[in-house]
Amino acid sequence: MTGADLEVAAADSVRELFRRKPEPFTRRGEPCANCGTPLEGHYCHECGQNSDTHHRSLLHLIVEAIEGMFHLDGRLARTVPLLFFKPGVLAKDYMEGRIARHVPPFRTFLVALLLFIFAAEHAIHGVQHQAQEVARKRAEALQTPQGRTTEAARMRTMAATVRDAALKALDETRDENLKDGDMPRAKVLAKHDSSQKFIQAQYARELAKADLLEHDPEAGKRALEASEHVGKSAADQLRGMTDDAESAAVAGEKSTLGVEIAGVKLKPSPPRKGEGPHDKEWFKAQLAKALDNPEYYFMVMFGWAHRLAVLLLPIIGLSLALVYVNKRQYFIYDHLLVATNLLSFAFLTNALGFILPAWAAGFWFLILIFWTPINLFQTLRGGYGSSIPGALFKTLFVWFSSVFAFSLLLSGLMFFSLAQL
């Protein structure tokens, strides 16, 4: 007996632990519910229907639903390790027709996609909850004099850091302009002094905000109310910016004097056809709706996510067909089988990263940056039998095309979801 036979025997023994034991057959001679033929066993020998009455408890229904979805049998124990660590072997088995020993590839893809979407939703809700908790704790701290003093000190430190960085960058720009000599010295110094005053004025405003916060006993109450409606506050602020921009655009159109910037008088130009204020502010308006009701936005986005994710299959399959166009023994069907394995691996590993704690998720996604292209390289090397240089070149092409396609689909999904609000 070989080592492979031992692995198969062990997997089958594990399967028996989860398989529901068949009940003794006690309905011999009774008519089949489907065709009326007298029954001789658990399955009708005429039409093949199960002779079971299908009367189950709720627990049995749940167990059977999980088993039917994930197909918990010996094939799962053989397929998953290969998918993660020997993808070339798995791809070669599929392409050469050895499918019965493994979970069907499209079923693996659908389950991996389902787990990925659930994990992504969990991660997004977790981030939202964490942001609300941070805002709530800050609001509670502002209700005490010590908390307001601490927050005011933090605001002053942050304002000083931003001011110092801005002044340093401003001095470097001044020195470069003086060294180049492209602008008159007096103009360079005047522009530097004007920008310096602006930075100092911003710094003074931040200090005033910190002082006001430190001596405001109602700051905690207002912050607590705002923390309960973070999205609505952000949406209202964005709408306010939109209204200000529209007012400024209207005022600019009505103005005949223009404005003066750096000593040059500019007159407003009429808007081009199809580019009115409302057209330019559409995106901000839709984004405000998403911030105002993020639950509905994510519901729309995830409702379409699984449909767009399926489009990755033909995209990756065609990219594989393109790099192996000279190998006539492989068909589009073979490339699609390999694409299902690659996407199943990507969805499963990323789903795991979404449910890990924050400190571990960062390390996990860093590992995936290297592991995913390595998995692709192993697939092409073992499944297609490519040489090392050839597999490396094809891996880079398929990898970058897949990342580009995923980014494009994700951007389109987010934009399309905004349009549905």
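Structure report, in brief.

Before going further, it helps to examine the overall build of the chain. Across its full length, the chain carries 16 helices and two strands. Expressed as a percentage of its 421 residues, the buried residues of the chain come to 29%. Put simply, of all contacts in the chain between residues at least 6 apart along the chain, 66% involve residues at least 24 apart.

Attention now goes to the packing of helix H15 (residues 358-383) against helix H16 (residues 388-419). Viewed as axis vectors pointing N to C, H15 and H16 meet at an angle of 130°, and their least axial separation amounts to 9 Å. By the angle between their directions, the pair H15 and H16 is classed as oblique. The handedness of the crossing between H15 and H16 is right-handed. On the side of H15, the interface is formed by Thr372, Pro373, Leu376, Phe377, Leu380 and Arg381, while H16 contributes Ile388, Ala391, Leu392, Lys394, Thr395, Val398 and Trp399. Across the contact of H15 with H16, the residue classes tally to nine nonpolar, two polar and two charged.

Summed over the entire model, instances satisfying the criterion amount to 13 salt bridges. For the salt bridge of Arg156 with Glu214, the shortest nitrogen-to-oxygen distance reads 2.7 Å. Of this pair, Arg156 sits in helix H6 (residues 145-180) while Glu214 is found in helix H7 (residues 185-214), placing the two residues 58 residues apart along the sequence. Each of Lys92, Asp93, Glu96 and Arg98 takes part in one network of salt bridges that share partners.

A separate point is a negative patch on the surface. Among the surface-exposed residues, Glu172, Glu176, Asp180 and Asp182 lie close enough to one another that they form a single negatively charged patch. Structurally, the position occupied by Glu176 is in helix H6.

Mapped onto the elements, Ala91 comes out in helix H4 (residues 87-95). Ala91 gets classed as buried once you look at its relative accessible area, which sits at 1%. For the pair formed by Ala91 and Gly382, sequence separation is 291 residues and the distance between their alpha carbons is 7.6 Å. Once residues lying within four places of it in the same chain are set aside, the contact partners of Ala91 are Val338, Asn341, Thr379 and Gly383.

Okay, the nonpolar core next. Phe347 and Tyr384 are the most contacted members of the largest nonpolar core, which totals 38 residues. Mapped by element, the contributors of at least two residues to this core are H4, helix H5 (105-142), helix H12 (294-310), helix H13 (312-323), helix H14 (332-355), H15 and H16. For this core, the element with the highest residue contribution is H5, accounting for seven residues. Those residues in contact with Tyr384, other than ones at most four positions away along the chain, are Met95, Leu320, Tyr324, Lys327, Tyr330, Asp334, His335, Val338 and Thr379. Judged by nonpolar contacts, the second largest core, of ten residues, contains Leu83, Phe345, Trp364 and Trp371.

Another aspect to go through is the packing of H13 against H14. Close contact between H13 and H14 brings their axes to 8 Å; oriented N to C, the two are set at 125°. Between H13 and H14, the angle falls in the class oblique. In the crossing of H13 with H14, the sense of the turn from one axis to the other is right-handed. Between H13, through Leu312, Leu313, Pro314, Ile316, Gly317, Leu318, Leu320 and Ala321, and H14, the contact on the second element is made entirely by Ile332, His335, Leu336, Val338, Ala339, Thr340, Leu342, Leu343 and Phe347. Of the residues in the contact of H13 with H14, the class split is 14 nonpolar, three polar and no charged.

Mapped onto the secondary structure, Thr79 falls in helix H3 (residues 74-85). According to the relative accessible area criterion, Thr79 is buried, its value standing at 3%. Along the sequence, Thr79 and Thr108 sit 29 residues apart, while their C-alpha atoms lie 9.3 Å from each other.

Cut-offs used in this document
Each chain has its residues counted from 1, running along the sequence as written. For this predicted model, a pLDDT threshold of at least 70 governs which residues receive local features, and a threshold of 80 or more governs which side-chain atom pairs are given and counted, while totals over whole chains, interfaces and linings are taken from all residues. Side-chain calculation: all heavy atoms of the structure are included, whereas hydrogens and water are not. Put simply, DSSP marks the helices as runs of H or I at least four residues long and the strands as runs of E at least two long, and each gets a number from the N terminus on. With a 1.4 Å probe rolled over the protein chains alone, any residue whose accessible area is under 20% of its type maximum counts as buried; one over 50% counts as exposed, and the rest are partly exposed. In what follows, residue pairs with any heavy atoms lying within 4.5 Å of each other are defined as contacts. Only the stretch in contact is used when fitting a helix axis, every axis being a line fitted to C-alpha atoms; angles between N-to-C directions are given from 0 to 180 degrees. Oblique is the label for any angle not under 35 degrees, not over 145, and not in the 65 to 115 range, which are roughly parallel, roughly antiparallel and roughly perpendicular in turn. Whether a crossing is left-handed or right-handed is set by the direction in which the near helix is turned from the far one by less than a right angle, anticlockwise for left-handed and clockwise for right-handed. Three residue categories are used. Nonpolar comprises Ala, Val, Leu, Ile, Met, Phe, Trp, Tyr, Cys and Pro, charged comprises Asp, Glu, Lys and Arg, and polar comprises the others, including Gly. For salt bridges, the criterion is a side-chain nitrogen of Lys or Arg within 4 Å of an Asp or Glu carboxyl oxygen. Two joining distances apply to patches: 9 Å for like charges and 5 Å for nonpolar side chains (Val, Leu, Ile, Met, Phe, Trp, Tyr), and every residue must have over 30% relative accessible area and no salt bridge. Under the convention used here, a 1.4 Å probe and the Shrake-Rupley method define accessible areas, while residue burial counts only the protein chains that appear. Neither His nor the chain termini are counted; the positive set is Lys and Arg, and the negative set is Asp and Glu. Charge positions are represented by NZ for Lys, CZ for Arg, CG for Asp and CD for Glu. Buried residues of nine kinds, namely Ala, Val, Leu, Ile, Met, Phe, Trp, Tyr and Cys, make up a nonpolar core once their side-chain atoms join them within 4.5 Å.

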